[in-house]
Amino acid sequence: LQINAHFLYNTLASIKGYIEMNEAQAASRLLMMLASFFNHSLDRDGICIPLGEEIEIVRVYLEIQQMVYAEQFDFTIDVDEATLAARVPKFILQPIIENALIHGMSESDAMGRIELYGRLVKGKIRIRIEDSGPGFSPEMLEWDPHTKRGLGMRNVYKRLELYFAGRAQMRIENRPQGGGCVVVELPEGGMSVEEVAAYDQDAIGGR
């Protein structure tokens, strides 16, 4: 996992700013959320986690970014409870959310919005991450995960491909009402026992 250095720098700068403005409560809250986020990141015992924990990582990340960017965007997380126990590799959603913030929200002066939905659809967990930004370019809509374009998205795709043995999918599209959307489809039960064992073995080996 590689955390964007700008994320850490901007968050620490925001904490410093709150302290200088004598807003100790806000600084403390932001610091505690940052600690929680990195606690999840550095927890080597949680390489493969329930989807519910992955959603919590996303929620904390978005709350941090809301404070850093002075409430310039809002977000919704709406995930079926029946999907939350499915086992997934850690940090398969946060890079997609980060991409939506950097390439979607940052290109608009209007109040932005990010929405994450998780539903059971025909034996699959379908996760949709939508943003209210300008949407994907025609070149990106023809994105090939085997090229160097879209590094964060490519890393997510390759991890899904590797650890779900071809049973997971990811695609990008534009919403009819404007904005971009990334769809991730996972098996209903998440990773199989064999896939979890293989994932843990790779983690032990430092992959």
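Here the structure is a predicted model, which is why all the values come from computation and not from measurement.

(A) Looking closely at the overall build of the protein. Scanning the protein from N- to C-terminus turns up seven helices and seven strands. Sequence-ordered secondary structure for the protein, helices as α and strands as β, is α-α-β-α-β-β-α-β-β-α-α-β-β-α. Counting all 207 residues of the protein, 45% fall into the buried class. Across the protein, contacts joining residues at least 24 apart in sequence account for 70% of those joining residues at least 6 apart. Approximately 11100 Å² of the protein is accessible, and the part contributed by carbon and sulfur atoms is 52%.

(B) Expanded view of helix H3 (residues 51–68). Taking 1.5 Å of rise per residue, 18 residues should cover 26 Å, and H3 covers 26 Å from first to last C-alpha, within 8% of that figure. Burial runs high along H3: 14 of the 18 residues are buried. Ala70 sits one or two residues past H3 and shows a positive phi near 50 degrees.

(C) Representation of the sheet that holds strand S6 (residues 169–174). Read across the sheet, five strands follow the order S2-S4-S5-S7-S6 without closing on themselves; strand pairing throughout is mixed. Strand pairing shows two members of the sheet lacking a second neighbour, strand S2 (73–79) and S6, which therefore form its edges. Within the sheet, the average angular offset between the axes of one strand and its neighbour, ignoring direction, is 15 degrees. Seen against the sheet, H3 touches S2, strand S4 (112–121) and strand S5 (124–131) and runs at an angle of roughly 170 degrees to S2. Contacts from helix H4 (residues 94–103) reach S2, S4, S5, S6 and strand S7 (180–187) within the one sheet, and its direction differs from that of S4 by about 150 degrees.

(D) Layout of the pairing of S6. In terms of strand pairing, S6 meets S7 through six bridges, oriented antiparallel. Following the sheet pairing, Asn174 is matched in S7 by Gly180. Joining the antiparallel neighbours S6 and S7 is a turn of five residues, in which Gly178 adopts a positive phi near 105 degrees.

(E) A look at unusual backbone geometry. Phi at Phe91 is positive, roughly 60 degrees, even though this residue is not glycine. For Phe91, the position within the fold is in the loop between strand S3 (87–89) and H4. In the Ramachandran plot, Ala165 falls in the positive-phi region, its phi being about 50 degrees despite a non-glycine side chain. By secondary structure assignment, the location of Ala165 is in the loop between helix H6 (151–163) and S6.

How each quantity is defined
Residues numbered from 1 in each chain as written. Predicted model: local features only at pLDDT ≥ 70, side-chain atom pairs only at ≥ 80, totals over all residues. Heavy atoms only, no water. Helix = DSSP H or I, 4+ residues; strand = E, 2+ residues; numbered from the N terminus. Buried < 20%, exposed > 50% of the residue type's maximum accessible area, 1.4 Å probe, protein only. Contact = heavy atoms within 4.5 Å. Areas by Shrake-Rupley, 256 points an atom, 1.4 Å probe, with all protein chains shown as cover. Expected span 1.5 Å × (residues − 1). Pairing = 2+ DSSP bridges. Axes fitted to C-alpha atoms, helices over the stretch in contact; angles between N-to-C directions.

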